[in-house]
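Residue strings, one per chain:
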Amino acid sequence: MTKKMSISTSKTSLVLFLCQIISALDVPLDSKLLEELSQPPTITQQSPKDYIVDPRENIVIQCEAKGKPPPSFSWTRNGTHFDIDKDAQVTMKPNSGTLVINIMNGGKAEAYEGVYQCTARNERGAAISNNIVVRPSRSPLWTKEKLEPNHVREGDSLVLHCRPPVGLPPPIIFWMDNAFQRLPQSERVSQGLNGDLYFSNVQPEDTREDYICYARFNHTQTIQQKQPISVKVFSMDSLNDTIAANLSDTDIFGAKPVTERQPVLLTPTGSTSTKVELRGNVLLLECIAAGLPTPVIRWIKEGGELPANRTFFENFKKTLKIIDVSEADSGNYKCIARNALGSVHHVISVTVKAAPYWITAPRNLVLSPGEDGTLICRANGNPKPSISWLANGVPIAIAPEDPSRKVDGDTIIFSHVQERSSAVYQCNASNEYGYLLANAFVNVLAEPPRILTPANKLYQVIADSPALLDCAYFGSPKPEIEWFKGVKGSILRGNEYIFHDNGTLEIPVAQKNNAGTYTCVARNELGKIQNEVQLEIKDPTMIIKQPEYKVIQRYGQVSFECVIKHDSTLLPTVTWLKDNDELPDDERFLVGKDNLTIMNVTDKDDGTYTCIVNTTLDSVSASAVLTVVAAPPTPAIIYARPNPPFDLELTGQLERSIDLSWLPGDENNSPITSFVIEFEDALHEPGVWRYQTEVPGSQTTAQLKLSPYVNYSFRVIAVNRIGRSQPSEPSEQYLTKSASPDENPANVQGIGSEPDNLVITWEPLKGFQSNGPGLQYKVSWRQKDVDDEWTSVIVANVSKYIVSGTPTFVPYEVKVQALNDLGYAPEPSEVIGHSGEDLPMVAPGNVQVHVINSTLAKVHWDPVPLKSVRGHLQGYKVYYWKVQSLSRRSRRHVEKKILTFRGNKTFGMLPGLEPYSSYKLNVRVVNGKGEGPASPDKVFKTPEGVPSSPSFLKITNPTLDSLTLEWGSPTHPNGVLTSYTLKFQPINNTHELGPLVEIRIPANESSLILKNLNYSTRYKFYFNAQTSVGSGSQITEEAVTIMDEAGILRPAVGAGKAMASRQVDIATQGWFIGLMCAVALLILILLIVCFIRRNKGGKYPVKEKEDAHADPEIQPMKEDDGTFGEYSDAEDHKPLKKGSRTPSDRTVKKEDSDDSLVDYGEGVNGQFNEDGSFIGQYSGKKEKEPAEGNESSEAPSPVNAMNSFV
């Protein structure tokens, strides 16, 4: 622990020290200055690391370097000194380190194969080149081999092997025929990456004798040819008897017809393989399959997506090509070959390694004696490269000591350097896949100040414009620059001046009083020097009388004026243009000193005329429109959109702002209210104009804010009450300087897609937000609440990075920082993300059930510890199902129901349970990945409830005074039945109800004979069952006793829906028959009227009677005779619907209706409040009690009314 703290303290001290280091000198690119300054060697040109040469040509190994004094060169070969003076075939170019090995005059390239390194040295140090591996190219001949003809049955697969000779570099393979025509390839026939020719299935047209594999060796410009291969495809239909007789049963040519086959992979073999590729290379994966029909290949990446814009499919999708691969492309890639008979797949595990690549390459340092500086060498790779330092080509550990130098890993720190500290340092970053070598010199110079700007240089500027006075300088130590005005003037200070780091003095708004002589003084500890420059301020050129809009009649004469005012020392030139082009070569156009006159005007003279005034310092212009008409113009006022502004000018250019001015066009009789300014970024979005700002119509200038690294053009649109003008012509372009980004990506998120990864996503910056070239993103992450360092990676052109190998569902701090070639954006804010979720590990415990009533229960459980959830807690799911009914002891199909309770709930309600039943349930925790294990099943029972109605009620065997009742037990007893209750009452001819009689019947009975009934009388029956809890819903029925033994009156059909029939006496008297017919006719008319009124929403007397009826058990008796009041049941008048008639045996079956479940949670149909309470209610259609009155609001049918008299 102590060691770790000391290392941390050391790093902190190093960072603080680096922050205090003075920035190194910048050497101006002045050729004369560079020739005079001493400089260590710098390698400017060298041959590639892997240098393959043509063995027939001279070998040229390049090594060029610069330095002051000019460097000398030496070489090593295979690690030892290479004395070129002892080899007559080797020469070195004059003033160069480039070697020329003469091969064309007797030398052999193989003799000079080896590893070469060049050293360039002068008195200031030594620079070295890369290790240059020189190898002659090889293009060997094909080995002689005897190729047997290929006899293949139609539909089979075939592979023609190429097996080219091993060359350097490897040859390019292609297949052709004898006529040097490329063989056609398709999804069925294609060439593999190894050069072999694959047939997924052969067809008769594949028969030929000239399959030839060619190998082209580009370095030697030679092509080698393999012996032709013969292929003959046999079809069983075409085999003649002679061939068939020569074939035995064991030959490959069976008598079977061509059969279709499911895919089989020809390459690669097996189900899995591996591949390693280097970062930045092209990844090529191949799958070729046999099968009939020809299989189709599809590629996917397991657990991710194929990278967009870098993925390509070649060779009829048999080859997957990913360019510029990075570590994020590692993973499993699956190819799937499929045809109509099936599929086969192969998984290729790809690992992307990386040769070293620069993060920060060391840069040259030019220091003054006594100054401090650093050389930083940072590289990355996979595996991470090791960093080693050399000084003047010698490992720094054995290099001469330098007290001003301290090596700290990838950094060399220089303190209080002296001239003897000058040297060239080499940084080597290497791993098993390669190396990087960079030279960076430290040049310690002691130079007195020098001013590079010519003496007495004259600057001329227009008044009110910026003036920039140069004072280019150099010195070591870096000189201090001071400016004076006049020979004996005081030093310039104040806000009216801007002093640039390169020595330039800027006067933002130059006035007449700023003219004069300015002196620049540069001084350091080694000396002082000064230089004078002259500044003249000129008056701006102005057009004091501009040309005006003219309307002229045809064949008339017109004149445009252009009177100017200018500085007397400047010589102006005036040019006239027509429609932005030269004036026509026509003697009718007369150009005077201050005007343009057009004689004998014609229609073609119509247009815009512009007067342009140029001086050596400025330019102004003014335009006017000439309209040629046939008759005098009418004085009517025309209101229109304004003409577009013109003469846009950019002034006051600064890094983050600029001034734009313009001249308004004609407002066309409607005052201009505002100007809209738009900009185009020709660098990132050419042709797209975006809103910049809007200014009042009285303003013709605007100061515009700018962003770095944008190539601006501006245009102005005038707005009046009528509308917007056309845009003006674009202004000149202005490219702002690059800068580091001002902002970082938005919407940074960290969400795992798998249990062992973290997917970091962000919204990339737009082009104009990059502020400079080389936009990249530094993605950083570390585990939250763990003492861990940030892990970072720099990526470009992506908006997603996948971190693999993370623990399951742990919080991470994530941040994404933008950077470009000029630096980093401000430190980004951190967001909290989580790695991927996995299924929960633990089931909820202590599950308890509290039964509230026969259809409702409440379940409780203990919450699962959050650590074992392994993800975002979504809630809990309760699975419950009915095991059996306790009243019937019979099992039925188990249908599990699911209720979901959001959040960290520990209880919930279970609705819709069936009474008197046994249930089981379990509870599971749910996260974003899925459900955890179930808790042990919990058994609970529901108490008894009221039963459903009896399954049927059937009335048979009517006699004069008795009826037989038969019934079925309830479909859902919901408990132990204790008894049945039968209620019945007579209905007389006037529809009045008689007294209600109630009978209790034991539960084990299923029929009953009612005796002592009135003959020829209709009765209505109400029947229900009871448990210990109470009475269930009832079923109703009506029946009639017979009139006499001779003729049995067939009872009316109905189940509580048919109207009671009247008793009809048999009379043969004519008067009685006529009376009945009259009564029937009147009733029919009355019912028709009531039917019409009822349809219109009115009531009728029968309805009023129905509304007046109450429960028959509590109806008031008439005082005069003690009889019950009138009874009317609307259901008795309701016509029977088609298909719903009661069977002739008077059996009334209640429709089966299981209690519907209204779930409480977010399961099947139910809903819950926040506390888990149930929302909703049960509803079900029940048979009404006899006291509940009418069940129907339908109008009575006149047909049924007539039937009651039959």
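Structure: see above.
Residues numbered from 1 in each chain as written. Predicted model: local features only at pLDDT ≥ 70, side-chain atom pairs only at ≥ 80, totals over all residues. Heavy atoms only, no water.

A word on unusual backbone geometry
Here is step 1 of the chain: Of the consecutive residues Leu292 and Pro293, the connecting peptide bond is found in the cis state with omega at 5°.
Here is step 2 of the chain: Mapped onto the fold, Pro293 is located in the loop between strand 23 (288–292) and strand 24 (296–301).
Here is step 3 of the chain: Put simply, Asn382 and Pro383 share a cis peptide bond, and its omega is 5°.
Here is step 4 of the chain: Position of Pro383 relative to the elements: it lies in the loop between strand 31 (378–382) and strand 32 (386–391).
Here is step 5 of the chain: Notably, Asn95 is not glycine yet its phi reads approximately 55°, a positive angle.
Here is step 6 of the chain: With respect to the helices and strands, Asn95 occurs in the loop between strand 7 (90–92) and strand 8 (99–101).
Here is step 7 of the chain: Phi angles above zero are rare outside glycine, and Tyr555 is one such case at about 75°.
Here is step 8 of the chain: Locating Tyr555 in the fold gives a position in the loop between strand 48 (550–553) and strand 49 (558–561). (Helix = DSSP H or I, 4+ residues; strand = E, 2+ residues; numbered from the N terminus.)

Description of the packing of aromatic side chains
Here is step 1 of the chain: One pass over the full model with this rule turns up 21 aromatic pairs.
Here is step 2 of the chain: Arranged with centres 5.5 Å apart and planes meeting at 65°, the rings of Phe414 and Tyr425 form a pair that is edge-to-face. Of this pair, Phe414 sits in strand 35 (residues 411–414) while Tyr425 sits in strand 36 (residues 423–431), and the two are 11 residues apart along the sequence.
Here is step 3 of the chain: Given a relative accessible area of 0%, Phe414 falls into the buried group.
Here is step 4 of the chain: The structure contains a cluster of three or more aromatic residues connected by ring pairs, namely Phe174, Phe180 and Tyr214. (Phe/Tyr/Trp six-rings, centres within 6.5 Å; stacked < 30°, edge-to-face > 60°. Buried < 20%, exposed > 50% of the residue type's maximum accessible area, 1.4 Å probe, protein only.)

Some words on the state of the cysteines
Here is step 1 of the chain: A full pass over the atoms with the stated rule returns six disulfides.
Here is step 2 of the chain: Here Cys471 engages in a disulfide with Cys520; their sulfurs sit 1.8 Å apart. The S-S bond linking Cys471 to Cys520 shows a torsion near -60°; that makes this disulfide left-handed. Linking Cys471 in the loop between strand 40 (467–469) and strand 41 (473–476) with Cys520 in strand 45 (residues 516–524), this pair joins segments that are 49 residues apart in sequence. (Disulfide = S-S within 2.5 Å.)

Things to note about the pattern of salt bridges
For side chains bearing opposite charge, pairing can occur when the charged atoms are close.
Here is step 1 of the chain: Within this structure, the stated rule accounts for 37 salt bridges.
Here is step 2 of the chain: One salt bridge connects Asp539 with Lys512, and the closest N-O pair in it is separated by 3.2 Å. Here the residue Asp539 occupies a position in the loop between strand 46 (527–538) and strand 47 (542–545), and Lys512 occupies one in the loop between strand 44 (505–507) and strand 45, the gap between them amounting to 27 residues.
Here is step 3 of the chain: Taking relative accessible area as the criterion, Lys512 reaches 44% and is therefore assigned partly exposed.
Here is step 4 of the chain: A salt bridge links Asp742 to Arg656, with the nearest nitrogen and oxygen atoms 3.4 Å apart. One end of the pair, Asp742, is in the loop between strand 63 (734–735) and strand 64 (746–751); the other, Arg656, is in the loop between strand 57 (646–651) and strand 58 (657–663), with 86 residues separating them in the sequence. (Salt bridge = Lys/Arg side-chain N within 4 Å of Asp/Glu carboxyl O.)

A look at the pairing of strand 84 (residues 1018–1027)
Here is step 1 of the chain: Here strand 84 lies mainly inside the structure; 10 of its 10 residues are buried.
Here is step 2 of the chain: Residues Arg1018, Lys1020, Tyr1022, Asn1024 and Gln1026 point to one face of strand 84 and Tyr1019, Phe1021, Phe1023, Ala1025 and Thr1027 to the other, with burial holding for every one of them.
Here is step 3 of the chain: In this structure, strand 84 lies alongside strand 85 (residues 1035–1040), joined through six bridges in antiparallel fashion. Note on strand 85: the bridge partner recorded for Tyr1019 is Ala1039. (Pairing = 2+ DSSP bridges.)

Comments concerning the sheet that holds strand 40
In sheet architecture, strand pairing relies on hydrogen bonds along the backbone and comes in two forms, parallel and antiparallel.
Here is step 1 of the chain: The strand order across the open sheet built from three strands is 40-44-43, with neighbouring strands paired in antiparallel fashion. At either margin of the open sheet sits one strand with a lone partner, and together these are strand 40 and strand 43 (498–499).
Here is step 2 of the chain: Sheet topology note: the strand 40/strand 44 ladder contains three bridges and is antiparallel. Paired with Leu468 across the bridge in strand 44 is Glu506.

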